[in-house]
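# Report on the structure
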Amino acid sequence: MSAILDRMAGIVGAKNIITDADAMVPYLKEWRDLFRGKAQGIVRPGSTAEVAELVKLAAETGTVLVPQGGNTGLVGGQIPISEGREVILSLQRLDKIRAVDTDGDTMIVEAGVTLKRAQDAAEAAGRLFPLSLASEGSCTIGGNLSTNAGGTAVLAYGNARELCMGLEVVLPDGRIWNGLRQLRKDNTGYDLKNLFIGAEGTLGIITAAVLKLFPAPAARATAFLAVPDPAAALELLNAAKAGAGGTLTTFELMPRIGMDFVLRHASGTRDPLSEPSPWYVLMEVSAQQASGLDEHVEAFLGEALENGIVTDAALAGSLTQRADFWKLREMLSEVQTYEGGSIKHDVSVPIHATPEFLARAITAVEAMVPGCRPVPFGHLGDGNIHFNVSQPVGADKAGFLARWSEMNAAVHAIVAELHGSISAEHGIGRLKRDLLPGVKDPVELDLMRTLKKTLDPQGILNPGAVLAAK
């Protein structure tokens with residue numbers, strides 16, 4: 001064990017230092033296997049005070065720390081980049097739910113609490129914490145906030161940023177900022193929490209947060225719908241916002257090829273509709289009244305069917321059927337791995353521009369790689385499309401993936417023309433950091449660099465993520 005790890009063991013205890021090569025593997029690669037790293041070791045603090053002492057020691061010795069939550073990130077921001085100089089600071093032991101306040105509809109949780117545990121704690125108190133991701137069983141609140149996670153309920157409740165009222169953060173010099181305020185109104189100066197949300201652990205280490213809770217819906221109506229094209233889906237979205245009989249909480253767009261992948265590779269799935277359709281929508285509406293929602297949604301869908309916006313529909317009649325509908329959506333990412341190489345894009349455009357983006361991007365990648373299989377899906381309700389492209393059947397995987405940057409450039413150029421974003425909800429990490437100079441306003445980029453140098457002058461917090469060295 002290195003000298004620095006010996007000193008860290010004095011803070012967290014030797015049993016919370018991992019140096020065994022096999023035991024370190026889960027911390028050193030992300031699940032898509034795009035990034036693998038090396039590290040001196042893994043350190044697992046159990047309290048905010050221990051995190052602060054570790055950061056003070058790192059500042060004193062110039063040791064680089066890479067904060068890590070559940071290691072579910074998709075852009076490599078949680079993976080060390082050097083040849084083993086860094087120490088991974090795993091926050092999974094900071095797993096306490098400190099308080100639930102049903103009067104103020106807030107909950108204070110530590111960074112290592114999984115999203116599923118936060119959801120369950122809210123539900124046990126008769127409340128809803130609406131952030132929802134496919135990885136919610138293993139991703140953590142600290143990681144969700146550090147990447148400003150989105151998910152399937154942004155349409156109604158917003159990103160992680162909108163669901164956070166306050167933070168506790170360890171700064172790069174080891175000081176603890178206690179910003180765990182449970183206030184709906186607080187205009188006393190700068191809103192510092194928003195510096196750290198979405199910063200991917202480069203400006204400070206989030207150790208706890210105040211989360212917003214909401215009344216638990218008394219009823220949900222979940223529908224799986226066939227639509228002829230994205231333009232029809234957009235028309236349906238606009239109509240559903242006003243006329244579906246409740247709060248529209250989910251509006252997910254899926255292509256037929258994605259459905260084919262799921263039905264081929266995900267056990268226990270079946271097509272809910274009798275005939276295939278080019279596109280599908282998973283729509284969910286919530287209400288605070290226990291009765292009448294299904295009837296409202298049925299009437300709304302009947303009108304949509306008459307108008308040709310929807311060509312077929314299935315309304316979940318049970319919790320089991322609702323879960324079956326959701327499984328079709330949630331498995332879309334995983335099943336692509338069975339179809340060979342997949343080039344990913346996490347982009348957003350103004351909602352009205354989504355059909356144009358899809359048409360142009362599909363045309364562009366098919367011209368670039370004949371036979372490739374675009375699998376665009378995602379959150380039409382907030383303009384976020386996961387524009388994934390699977391390799392042609394029988395193609396060489398490595399050769400296809402070698403065109404990742406070229407295909408990204410083509411897709412991102414269309415996104416830029418439509419005034420969109422090259423990172424809608426996954427963050428920048430290592431994957432996209434070199435793209436920022438081409439998409440950020442120069443003044444904005446300079447302010448970001450100034451902020452990093454001001455808060456972290458030694459560059460000890462996750463220097464491989466977000467901002468490339470100037």
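See the structure shown above.
Quick caveat, the model's predicted, so the values are computed rather than measured. (Residues numbered from 1 in each chain as written. Predicted model: local features only at pLDDT ≥ 70, side-chain atom pairs only at ≥ 80, totals over all residues. Heavy atoms only, no water.)

Our next topic: the overall build of the protein. Of regular secondary structure, the protein possesses 17 helices and 19 strands. Taken over C-alpha atoms, the radius of gyration comes to 23 Å for the protein, in line with the 23 Å a tight globule of 470 residues would show. For the C-alpha atoms alone, the extent of the protein along its principal axes is close to 70 × 55 × 45 Å. Looking at the protein as a whole, 54% of its 470 residues are labelled buried. On the protein, the mean spot of the 43 positive side-chain charges and the mean spot of the 54 negative ones are 7 Å from each other. (Helix = DSSP H or I, 4+ residues; strand = E, 2+ residues; numbered from the N terminus. Rg over C-alpha atoms; globule rule 2.2 N^0.38 Å. Buried < 20%, exposed > 50% of the residue type's maximum accessible area, 1.4 Å probe, protein only. Lys, Arg positive; Asp, Glu negative; His and termini not counted. Charge placed at Lys NZ, Arg CZ, Asp CG, Glu CD.)

So, about the pattern of salt bridges. Enumeration according to the criterion identifies 21 salt bridges in this entry. A salt bridge links Lys116 to Asp120; its shortest N-O distance comes to 2.8 Å. Remark: Asp120 and Lys116 occur in helix α4 (residues 115–124); sequence separation between them is 4 residues, near one turn of the helix. The salt bridge involving Glu284 is made with Arg220; its shortest N-O contact spans 3.8 Å. (Salt bridge = Lys/Arg side-chain N within 4 Å of Asp/Glu carboxyl O.)

The next subject is the packing of aromatic side chains. For the structure shown, the criterion picks out 5 aromatic pairs. Centre to centre, the rings of Phe224 and Tyr280 are 5.4 Å apart; their planes meet at 35°, and the pair counts as tilted. In this pair, Phe224 is assigned in strand β12 (residues 219–227) and Tyr280 in strand β14 (residues 279–287), connecting sequence segments 56 residues apart. Exposure remark for Phe224: the relative accessible area of 0% places this residue in the buried category. Accessibility expressed as a relative area gives 0% for Tyr280, which makes it buried. Ring-pair connections join several aromatic residues into one group, and the members of that group are Phe224, Tyr280 and Phe325. (Phe/Tyr/Trp six-rings, centres within 6.5 Å; stacked < 30°, edge-to-face > 60°.)

A few words now on the sheet that holds strand β4 (residues 87–90). Sheet architecture is open: 4 strands sit in the order β1-β2-β4-β3, paired in mixed fashion. Here the strands that pair on one side only, and so sit at the sheet edges, are β1 (17–18) and β3 (65–68). (Pairing = 2+ DSSP bridges.)

Take the packing of helix α1 (residues 3–12) against helix α3 (residues 48–61) next. Angle between the axes and distance between the axes are the two parameters that describe a pair of packed helices. It is at 9 Å that the axes of α1 and α3 come closest, and there the two elements cross at 160°. Between α1 and α3, the interaxial angle falls into the category roughly antiparallel. Here α1 and α3 pass one another in a crossing that is right-handed. Taken together, the residues of α3 that come into contact with α1 (itself represented by Ile4, Arg7, Met8, Ile11 and Val12) are Glu50, Glu53, Leu54, Leu57, Glu60 and Thr61. (Axes fitted to C-alpha atoms, helices over the stretch in contact; angles between N-to-C directions. Parallel < 35°, antiparallel > 145°, perpendicular 65-115°, else oblique. Left-handed = near helix turned anticlockwise from the far one by under 90°. Contact = heavy atoms within 4.5 Å.)

So, about the side chain of Asp456. One can find Asp456 in the segment after α17 (442–455). One polar contact links the side chain of Asp456 to the main-chain amide nitrogen of Leu461, over a distance of 3.0 Å. What Asp456 contacts, discounting residues up to four positions off in sequence, is Pro172, Thr202 and Leu461. (Polar contact = N/O pair within 3.5 Å; in protein donor to acceptor, adjacent residues only side chain to side chain.)

Tracing the backbone shows Gln336 in the loop between α12 (332–335) and β16 (342–343). Sequence spacing of Gln336 and His265 is 71 residues, and the spatial spacing of their C-alpha atoms is 8.9 Å.

Let's shift gears to helix α8 (residues 230–243). If you check α8, its first and last C-alpha atoms are 19 Å apart, about what 14 residues at 1.5 Å a residue would give, namely 20 Å. Structurally, α8 contributes buried residues whose contacts are with α6 (154–157), β12, β13 (247–255), β14, α10 (293–307) and α13 (354–368). Where α8 ends, the next residue or the one after it, Gly245, has phi of about 90°, a positive value. (Expected span 1.5 Å × (residues − 1).)

Burial along strand β9 (residues 176–179) is one-sided: the face carrying Trp177 and Gly179 is buried and the face carrying Ile176 and Asn178 is not. Sheet analysis places strand β8 (residues 164–170) next to β9, joined by 4 bridges and oriented antiparallel. Considered in β9, the bridge of Val170 is made with Ile176. Hairpin connection between β8 and β9: a loop of 5 residues separates the two successive antiparallel strands, and Gly174 in this loop has a positive phi of roughly 95°.

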